[in-house]
Amino acid sequence: MSQSMPDPREAARVEAERIRTNRDQFVYHPLERVMKDAPWVDRESLVAGLEAFHRERMARVPSPARFPEAKPWVEHVRAHEHELRRLAELNDREVALYRSLHHYLAFRGFAQARPVLATAEKCRVAYVPETDQGALHIKNVDDPPTFWKRDKPLPPRVAEYWWDKQEWAMDGVGSGLHIDDEPEEIFPLPVLTMVGHYANDVPSVVDFLRRYSPFWGGSNNLVYDKKRRSVAIEKCSFNGIEVYEPGPDGQSHISGMACRDPKSSLGRYQTAKRDRYRALFKLPEDGPDSCFWKACDRAEQKLSSTLKRLGRRPRVEEVTRLFVTPWPDGLCKCGSKFHPNQGYLEYTLITIAHLLDRRRSLRWQRNDDDLGWPSEPEVSQA
């Protein structure tokens, strides 16, 4: 797929405006969140090499022979960061916090910190090509409500539906590790943006993401296209990738912070890194970290087993009920707490469902004040 390169200055302007609206949220809150989840870690030793690491990332330019598409994106990343630094008035420490914190913690920070990162459990997505109302794409967005603000209401009518304008779509959920082996390539290529310029269907997306696997991680992704092909891609680590084709029902799904097959290469790697993390900080088997990962696995199992039970052509009502029913009967988190010492309460803030063939979107979202959940969704129809 041939597309013009995005303008790095315009992208930086938009991003800088967002940062200026709440500098603490976008620059400093990620580290504060880490410390709240990991009060047993010395803060200064945890981030002692962060600024040097970010400078090293920016200098480690990928080989043009191995990664021929990367060259213009290297210049894009550099120009974007230069302009973002200027417009948002970020110093070296703030740029490193904003751009490289989680990479640094996973590759180096936790391994050297004195006596990690247990993030709030993130999201689920499903793609069902056949329901009683056609193809369905549905997602729960889970996060602590610390900075939660409701989105503007959906417009009841839209002139053009988003799915009419593209050949394929990708949706993702967070899936990180406290500790991850540092890959050979650490330049911050925007791989999940790049793929939109070089792929036009599910097979070409998978090929591109495999080739650029060392440059991205920390997420699971679901991809589908106009031919109703789909895949689930698990990528908790920069050092591996698992691609799951759908079964006979054509359905795909992903869950945050989970590997569906513990015996897969990536599943075994995830387990080994969890064990190393607990050993480094002498965390108990029944502590909040272990309970967090077990909750992630339970949510994945519930999503997988329920979709399988609903069968090849479920009713939309059945699938949406799974996503909006409170945990543990459904997947909607309503202040769930899985351990007394858990740093953050778990909330599903938004559920959004796209009825692709009907050109209709449904959205449930919590209130700002009391975090109440609506009885009926907003509806937008093209």
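Residues numbered from 1 in each chain as written. Predicted model: local features only at pLDDT ≥ 70, side-chain atom pairs only at ≥ 80, totals over all residues. Heavy atoms only, no water.

### A closer look at the pattern of salt bridges
To keep it simple, the criterion reads: Salt bridges are defined as contacts in which a side-chain nitrogen from Lys or Arg sits within 4 Å of a carboxyl oxygen from Asp or Glu. Helix and strand definitions follow DSSP, with helices as H or I runs of at least four residues and strands as E runs of at least two, each counted in order from the N terminus.
What the rule picks out here adds up to 36 salt bridges. Salt-bridge contacts for D181 lead to K273; the nearest nitrogen and oxygen are separated by 2.7 Å. Taken together, the positions of D181 in the loop between β3 (168-174) and α7 (191-198) and K273 in helix α9 (residues 265-281) put the pair 92 residues apart, joining distant regions of the chain.

### Digging into the nonpolar core
Note the threshold: Residue types Ala, Val, Leu, Ile, Met, Phe, Trp, Tyr and Cys, when buried and joined through side-chain atoms within 4.5 Å, form a set referred to as a nonpolar core. For every residue, the accessible area (1.4 Å probe, protein chains only) is compared with the maximum for its type, and the residue is labelled buried under 20%, exposed over 50%, or partly exposed between those bounds. Contacts are assigned to residue pairs with any non-hydrogen atoms lying within 4.5 Å of each other.
Core analysis: the biggest nonpolar cluster contains 34 residues, and I19, L46, L84 and F110 have the highest contact counts within it. Those elements that place two or more of their residues in this core are α1 (8-21), α2 (23-37), α4 (50-59), α5 (71-88), α6 (92-112) and α9. For this core, the element with the highest residue contribution is α6, accounting for 10 residues. In this structure, L46 is in contact with V34, M35, V41, Y104, L105, G109, F110, Q112 and A113, ignoring residues within four places of it in sequence. Formed by 26 residues, the second largest nonpolar core is a distinct cluster that contains W73, V206, F215 and I241.

### Here's the deal with the sheet that holds strand β6 (residues 242-244)
Strand pairing in a sheet takes place through backbone hydrogen bonds and is either antiparallel or parallel in direction. What counts here: Two strands are said to pair when DSSP picks up at least two bridges between them. Every axis in this analysis is a line fitted to C-alpha atoms, fitted for helices over the stretch in contact. Angles between the N-to-C directions lie between 0 and 180 degrees.
In space, the four strands of this open sheet follow the order β3-β4-β5-β6, with antiparallel pairing throughout. If you trace the sheet from one side to the other, it starts and ends with β3 and β6, each paired once. When the angles between neighbouring strand axes are averaged without regard to direction, this sheet yields 20°. Sheet topology note: the strand β4 (residues 219-225)/strand β5 (residues 230-235) ladder contains six bridges and is antiparallel. Each bridged residue has a counterpart across the sheet, and for N221 the counterpart in β5 is I233. Packing against the sheet, α7 makes contact with β3 and β4, and its axis sits at approximately 170° to β3.

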